[in-house]
Amino acid sequence: QVRLVQSGGGSVQAGESLRISCAASGVTFSAYGMGWFRQAPGKEREFVAAISGSGSVVAYADSVKGRFTIGRDNAKNTVYLQMNSLKPEDTAIYYCAFNVLVRATSTATQIANWGQGTQVTVSS
């Protein structure tokens, strides 16, 4: 049974940076695509970024492309999301996702295992 534990996040001003991480256990981590989704108040959970098991393939939502970077450390069973040039519209709860298809059309309904969620708040 996979377990995902998130860390990081918080409150920043627009233009600043944050990094969130997700540590996985209970699975052969390098065999699975991992990703990040987010959910703002009153909105559906949406795809943010995904990375293949080897780390060689990544995908981003258009809204974060060029600002966010997803990466992974398979030796530490960890995936992270580096968020730069944050905007108020990035404010949401961010969720780590296990076994994600690495494409920008991935949807939350395809995900069976989630991290606990991390609040990211960006003020103008």
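Up top you'll find the structure we're talking about.
A short tour of the structure in this document, coming up.

Calculation criteria
Residues numbered from 1 in each chain as written. Predicted model: local features only at pLDDT ≥ 70, side-chain atom pairs only at ≥ 80, totals over all residues. Heavy atoms only, no water. Helix = DSSP H or I, 4+ residues; strand = E, 2+ residues; numbered from the N terminus. Core = buried A, V, L, I, M, F, W, Y, C linked by side-chain atoms within 4.5 Å. Buried < 20%, exposed > 50% of the residue type's maximum accessible area, 1.4 Å probe, protein only. Phe/Tyr/Trp six-rings, centres within 6.5 Å; stacked < 30°, edge-to-face > 60°. Lys NZ or Arg CZ within 6 Å of the ring centre and 35° of its normal. Salt bridge = Lys/Arg side-chain N within 4 Å of Asp/Glu carboxyl O.

**Description of unusual backbone geometry**
Although it is not a glycine, Asn77 sits at a positive phi angle of roughly 55°. Its place among the elements puts Asn77 in the loop between strand 7 (68-73) and strand 8 (78-83). A positive phi angle, close to 50°, is found at Ser85, a residue other than glycine. Counting through the fold element by element, Ser85 comes out in the loop between strand 8 and strand 9 (92-98).

**Concerning the nonpolar core**
Formed by 35 residues in total, the largest nonpolar core has its most connected members in Trp36, Val79, Leu81, Met83 and Tyr94. Mapped by element, the contributors of at least two residues to this core are strand 3 (18-25), strand 4 (34-39), strand 5 (46-51), strand 6 (58-60), strand 7, strand 8, strand 9 and strand 10 (118-123).

**Here we look at the packing of aromatic side chains**
Given two aromatic rings, one states the distance between the centres and the angle between the planes to describe the pair. This structure, assessed with the given rule, holds four aromatic pairs. Taking the centre distance of 4.6 Å and the plane angle of 45° together, the rings of Tyr32 and Phe98 count as tilted. Within this pair, whereas Tyr32 is found in the loop between strand 3 and strand 4, its partner Phe98 is found in strand 9, the two being separated by 66 residues in sequence. With centroids separated by 5.7 Å and ring planes inclined at 80°, the aromatic side chains of Phe37 and Phe47 adopt a geometry described as edge-to-face. Residue Phe37 is found in strand 4, and its partner Phe47 is found in strand 5; the two are separated by ten residues along the sequence. As far as burial versus exposure is concerned, Phe37 and Phe47 are alike and both buried. Here the basic side chain of Arg72 rests over the ring of Phe29, its NZ or CZ set 4.3 Å away from the ring centre.

**Remarks on the pattern of salt bridges**
Enumeration over the complete set of coordinates arrives at four salt bridges. With a shortest N-O distance of 3.1 Å, Asp62 and Lys65 are connected by a salt bridge. Note on Asp62: relative accessible area 67%, which makes it exposed. Lys65 gets classed as exposed once you look at its relative accessible area, which sits at 51%. Among the charged side chains, a salt-bridge network with shared partners connects Arg38, Glu46, Arg67 and Asp90.

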